[in-house]
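The residues making up each chain are set out below.
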Amino acid sequence: MKSYSNQRRLSLIFRYILLALLAIIWILPIVWIVLASFSYNDTGFVSTFWPEQFTLQNYVGIFTNPQYPFGNWIINTLIVSLLSMVISTFLTISVAYVLSRLRFKFRKPFLQIALVLGMFPGFMSMIALYYILKGLNMLNLFGLLLVYVGGAGLGFYVAKGFFDTIPRSIDEAAEIDGATKWQVFLHIGLPLSKPMIVYTALTAFIAPWTDFIFSGIILSTSGNAKTYTVAYGLYNMVHTAKGNATAYFAQFVAGCVIIAIPITILFVFMQKFYVNGITAGADKG
Amino acid sequence: MKIWKKMALGSAAVLAAMSLAACSNGSSDSSSSNNSSSKKANLTLWVDTEQVPYYKQIAKDFTKKNKNIKVRVVQSPNGSANAKTDVGKDPSKAADVFEVPNDQLGQMAEAGYINPLSPEATKDIKANYIDVASKGVTWKGKVYAFPYAQQAQTIYYNKSKLSANDVKDWKTLTSKGVVATDFTNAYVMWPVMFSAGTKLYGANGEDLKGSTFDSQNGVNALKWYAAQKNNKGVMQTSNALNQLKKGNAQAILDGPWNAANIKKILGKNFAVAKYPKIDVGGKSVQMEAFLGIEGFAINSHTKNAKAASDLAAYITNKEAQLIAHKEAGQIPVLKNAVNSSAVKSDPVAEAVIEMAKPGNSVLQPKLPQMATFWNEAAPLISGTYDGKIKPSQYKAKLAKLQKDISKK
Amino acid sequence: MFLKKKHVAPKATYREVWSKGDIATKLSFFIMGSNALANKQWVKGLALLISEIVFIVWFIFSGISTLGILATLGPIKSKKVVYDAAQGVYITKQPSNSVLILLFGVLAIILCIAMIYLYIVNLRSTRHNYILKRDGEHIPTNVQELKSLLDTRLHATLMVIPLLGILFFTVLPTVFMISMAFTNYDRQHPIAFSWTGFQAFGNVLSGDLAGTFFPVLGWTLIWAVAATATTFFFGVLLAMLIESKGIKYKAFWRTVFVIIWAVPQFVSLLMMAQFLDYQGALNNILMNLHWISSPIHFIDNQASPLVARITVILVNMWIGIPVSMLVSTAIIQNLPEDQIEAAKIDGANAVQIFRSITFPQILFVMAPSLIQQFIGNINNFNVIFLLTGGAPMNSKYNGAGSTDLLVTWLYNLTFGQEQRYNASAVLGILIFIISAVVSLIAYRHTNAYKEG
């Protein structure tokens, strides 16, 4: 008996060590990025783990850079991501609910079409998207919002999987009591899907903070740095003129760390919902 | 049964699409309509980010003299080095006047993105600009941009470690110190081919069938690349500045756009010189560089061709070139600006102007086929350097490149 | 019961509707919505009527020319530079803008299809009302029709906006992209281009791009399999490790792994590239520890393709494992315990239980999302583009490096030096075909798996 408990303790210790090792592997590069944002850098390259010279100048610089209005970027991105979060979440949840709970003739074909559409690489559509938005005179943040929201109807898979797991008998009972389908959706469907809503909202919220490609295509033409989102702005900082990459590299890293902070905090607080959401969806695909 | 859905959907789609179609019809026929210069004009000017502040100032002066012309100075979306793709994405939304390196002029002219300059401007450029500059912006007999700066790579070194004599020859340079460079960059490395005596596109750089690097001279240059792999004094790196700062390298091959950054790193030990001599094919020859001319071109979609042309001329006049030199280290191309005291006392400018002389550098060709060249030359040099391409393959690889880049 | 009965009510052919219907019904065949208006379904009737009027006006004034010009993609194929003596400057007469012509041509076709669809809807509605009238049943009033939008037709209400979004921001661009593959839209024809049939396909499959296409395709498939399998397998293992008995602060551990999501990939991967550089931190650390005698070329241009590819897959594990760890976590939490208990009693050890019970169950549940991940990996742009940019260079390829995937190559062809839009459209279609074939086979397989 004693040897058994010893063995178990040994196994636990071993597992803790393994976990700690893995955690270090995963977290070290992040720590390194944070360290790099606090280090003095005039070469555009970080070749050591521990900075040779600490400085706060990168953080001061990113907020006072006359060419790159970081503050505006954050506000722009916040507006776009909040709006996109609200609208996309509603659309995605609606589509998922409809496809999961309601039966109608167009349902099967729609599921198939959605699957097919998802298989085309998105890049080629960018040229067309650009001209569509130009035709609507919307080569701006609002147009970008439209692009993010426009795809929401196709992102229903995870949420649909979630709705599939809720027994239909709940709806039927309510309908027998005389509730309309809208009331069922509003008073039963939505409250039940709280983890799913959080998951979808979080995903929609984060996208504008990290997307540098679509935002680049749509916003770059204006050449007005004040209208950029933070992802494109930062990417643009180190990918335009020769020599720029070197001069602004450290500020770029600092800017990235700044936007990672709120997202990390969101993650920590919403992790439970996130896990529930993602797994409920994965259950049924 | 789902009449409502279908209907709502259908009619919404019809309405939305029609508004879209209507918008398009309004805007799509905006082409090069012509206004006279006295008319009011709103122009957009694209320049590289770090140049925005002083070009704003220059543009303000321009507006003072031309009261009817308003100028908006903004950054080139992805930098002037990507002018071709930025303008090509949607020429009608691109700036009226934009900064562009001369090697893209041929393709842009062929595509119809840019207008040739007026005969007077052409005459002025031919007369008052240094020879390479006017040549650099000329494509098929017409001038396509107002040049304002010249760029060539030079050698930057730490003068506490290397003397001016040391950097005159590759052999002494690499035995006394380490030079950091990038063999994966055809812009930096291809000119060794010129030193070896080959032509990329003939003597004038515009002859599609004039390539001569599929030859023994070309093979000699490839051998030179391969030999550098075992040269302890040559460091292949993608982050030369960092190596220079850490002291792993004492010299780097770089361009004037990085001069300010290098000055920051080397401080009082900063020194610059023209490229050294190298031994290719058993001969000691001058190591050459590509010479680039930065200029301002006029968008062919502009509604105010005359005003745009006036603006481009103004922002490349002597004062403007000297401001660009003072603020961003751009090296002027206007003869009387080149001879000004400010430029003469600038060691970087001195070295670049020296490099710009014939025999030290070759103007970047402007043929549209340069796109293919850049794509294929870099893997060739890189592969030769690191030994992925064996000496026995040299001839075949050069032949393939020569064939690919001379296709119509 | 009543509903069912109504459903099997005798149907009417359109011929019958036409011959026996009243004037408003007959009129509906030409003027949409007239029947609905006659039956006091104002909203529906007006919507149909207005749609028809708007469509006809548009079709006459703009639609015909838009569709007509689509056949040639514009009459003026080349630019003309002329000298404007009055101003003393050159002016360029622009060729036809084929991109816009193609885009609005596609839009016009979609519009016509939508109109035909609407016309059919109109006829159906007319027939429906006709049958109700013929059988003496109640025709829904305006209010009833509107109310049904929140009840029996709720799906229609909720789907309209998402469907419009999909139509304009996915379907239209996709159709546009597909048509581009059949043109000569490239750097030589950047503004005005023409239809050239399957020529671009020929270039990719047997022409100057074939020597790049097939090797890159091969690597793309290997990458997709390896990336999906490694992240899935190790994600499951990591989830089991965190979920195993005795480990405390599970949420904390999970958070540690998930933090890399919070950092935008364009910085985490860019820094990773510097970390793995020949002169980078990793090589420095390994050298200082004397684990290696000379630095290793991981992902730079001097690296061997094999090393670079392995490195890329490893870095992708760093990015991808946390996701699949999260997904597997709750599956593990919900796994039925009885089988495992039974196996334990039978004396199975942990490895056996994992191999024959836990893992198959997780695989079963996750099969559909694995297929999606696989397709996602075929199109995984960020990891390659930001980490290696395709490096090491490959002198045998045209515009691609040894680690380039089809999708990054596609990007290079569009936005890089060569600007071969038609070739990249072809690549897009081929990527689609590959994804479709793979998922078809996989779905078949998983279905069989479920039944067996």
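The structure presented is a predicted model; accordingly, all values stated were derived computationally and were not measured.

**Q** For the nonpolar core, give the residues involved together with the corresponding values.
**A** Where a protein is soluble and globular, its nonpolar side chains tend to be buried together. Core analysis: the biggest nonpolar cluster contains 329 residues, and Leu45(B), Val192(B) and Leu311(B) have the highest contact counts within it. It is helix 6 (residues 98–134) of chain C that provides the largest number of residues to this core, a total of 14 residues.

**Q** Which residues make up the UniProt feature "domain: ABC transmembrane type-1" (unreviewed entry) in chain C, and what values do they have?
**A** Here, UniProt's "domain: ABC transmembrane type-1" (unreviewed entry) annotation points to residues 217–442 of chain C. From the first C-alpha to the last, residues 217–442 of chain C spans 19 Å; its make-up is 73% helix and 0% strand.

**Q** Residue-level account of the interface of chain B and chain A, with values.
**A** Every contact between the two is made by 28 residues of chain B and, on the other side, 28 residues of chain A. The set of elements that each furnish at least two residues to the side of chain B that touches chain A consists of helix 1 (3–28), strand 2 (69–75), helix 11 (240–246) and helix 12 (259–266) of chain B. A breakdown of the residues in the side of chain B that touches chain A according to their chemical character gives 10 nonpolar, 11 polar and seven charged.

**Q** How would you explain the environment of Arg134(C) if you had to name every residue and give the values?
**A** For Arg134(C), the location among the structural elements is in helix 6. The spatial distance from the C-alpha of Arg134(C) to the C-alpha of Ala12(C) is 9.8 Å, given a sequence separation of 122 residues.

**Q** Which residues make up the UniProt feature "domain: ABC transmembrane type-1" (unreviewed entry) in chain A, and what values go with them?
**A** UniProt's entry tags residues 74–270 of chain A with the feature "domain: ABC transmembrane type-1" (unreviewed entry), counted in the numbering of this structure. End C-alpha to end C-alpha, residues 74–270 of chain A measures 22 Å, and it is 76% helix and 0% strand.

**Q** I'd like a rundown of the UniProt feature "transmembrane region" (unreviewed entry) in chain C, residues and numbers included.
**A** All names here are of chain C. Within this structure's numbering, the places UniProt gives as "transmembrane region" (unreviewed entry) are residues 46–71, 99–120, 156–182, 216–239, 251–276, 310–332, 353–375 and 421–443. Secondary structure content for residues 216–239 is 100% helix and 0% strand, while the C-alpha to C-alpha distance between its ends is 33 Å. Helix makes up 100% of residues 310–332 and strand 0%, and the two end C-alpha atoms of the span are 29 Å apart.

**Q** Could you give an account of the domain arrangement of chain C, naming the residues involved and the relevant values?
**A** Residue and element names in this part refer to chain C. In terms of domains, chain C is made up of domain 1 (2–197) and domain 2 (203–451). The C-alpha centroid of domain 2 is placed 43 Å from the C-alpha centroid of domain 1. Contacts between the two partners involve 10 residues from domain 1, matched on the other side by nine residues from domain 2.

**Q** An account of the pairing of strand 13 (residues 283–286) of chain B is requested, with residue identities and associated values reported.
**A** A regular strand places its side chains so that they alternate between the two faces of the sheet. All names here are of chain B. Where strand 12 (residues 277–280) lies against strand 13, four bridges are found, and the strand directions are antiparallel. Bridge assignment links Lys277 to a residue of strand 13, and that residue is Gln286. From the end of strand 12 to the start of strand 13, which pair antiparallel, there are two residues, and Gly281 there has a positive phi angle of about 60 degrees.

**Q** An account of helix 5 (residues 42–70) of chain C is requested, with residue identities and associated values reported.
**A** The largest bend in helix 5 of chain C comes to about 60 degrees, at Phe59(C). Residues of helix 5 of chain C that are buried: Lys44(C), Gly45(C), Ala47(C), Leu48(C), Ser51(C), Glu52(C), Phe55(C), Trp58(C), Gly63(C) and Thr66(C).

**Q** How would you summarise the packing of helix 3 (residues 70–101) of chain A against helix 6 (residues 141–150) of chain A if you had to cite specific residues and measurements?
**A** Residue and element names in this part refer to chain A. Two numbers describe how helix 3 lies on helix 6: the axes approach to 9 Å, and their chain directions differ by 30 degrees. If you check the angle between helix 3 and helix 6, you find them roughly parallel. Helix 6 is crossed by helix 3, and the crossing has right-handed handedness. Across the interface between the two elements, Asn76, Val80, Leu83, Ser84, Ile87, Ser88 and Leu91 of helix 3 pack against Leu141, Leu144, Leu145, Tyr148 and Val149 of helix 6. Residue composition of the contact of helix 3 with helix 6, grouped by class: nine nonpolar, three polar and no charged.

**Q** Run through unusual backbone geometry, naming residues and quoting values.
**A** In this structure, Pro392(C) follows Ala391(C) across a cis peptide bond, with omega equal to 0 degrees. With respect to the helices and strands, Pro392(C) occurs in the loop between helix 17 (381–387) and helix 18 (406–415). At Lys140(B), a residue that is not glycine, the phi angle is positive and equals roughly 50 degrees. With a phi close to 60 degrees, His290(C) is a non-glycine residue in the positive phi region. Mapped onto the secondary structure, His290(C) falls in the loop between helix 13 (281–288) and helix 14 (305–334). Note on His290(C): 7 C-beta atoms within 10 Å, which makes it exposed.

**Q** Would you mind going over the environment of Thr203(A) in detail, with residue names and values included?
**A** Residues and elements named next belong to chain A. For Thr203, the position within the fold is in helix 10 (residues 194–210). Classification of Thr203 as partly exposed rests on a count of 18 C-beta atoms within 10 Å. Linking Thr203 and Thr89, residues 114 residues apart in sequence, is a C-alpha distance of 9.1 Å.

**Q** Lay out the sheet that holds strand 7 (residues 154–158) of chain B in plain terms, naming residues and giving numbers.
**A** Residue and element names in this part refer to chain B. The strand order across the open sheet formed by five strands is 9-8-10-7-11, and the pairing between neighbours is mixed. Strands with a single pairing partner mark the edges of an open sheet, and in this sheet they are strand 9 (234–236) and strand 11 (270–273). Across this sheet, the average inter-strand angle for adjacent strands is 30 degrees, counted without regard to direction. Note: strand 7 against strand 10 (residues 251–254), four bridges, orientation antiparallel. Across the sheet, the residue bridging to Ile155 is Leu253, located in strand 10. Running over the sheet, helix 12 touches strand 7, strand 10 and strand 11 and is turned about 140 degrees from strand 11.

Analysis parameters
Residues numbered from 1 in each chain as written. Chains lettered and ligands numbered in written order. Predicted model: local features only at pLDDT ≥ 70, side-chain atom pairs only at ≥ 80, totals over all residues. Core = buried A, V, L, I, M, F, W, Y, C linked by C-beta atoms within 7 Å. Buried ≥ 20, exposed ≤ 12 C-beta atoms within 10 Å, placed from the backbone. Helix = DSSP H or I, 4+ residues; strand = E, 2+ residues; numbered from the N terminus. UniProt positions renumbered as here; feature names shortened; annotations may be inferred. Contact = placed C-beta atoms within 7 Å. Nonpolar A, V, L, I, M, F, W, Y, C, P; charged D, E, K, R; others polar. Domains from an automatic or database assignment. Pairing = 2+ DSSP bridges. Bend = angle between axes of the 7 residues up to and from the residue. Axes fitted to C-alpha atoms, helices over the stretch in contact; angles between N-to-C directions. Parallel < 35°, antiparallel > 145°, perpendicular 65-115°, else oblique. Left-handed = near helix turned anticlockwise from the far one by under 90°.

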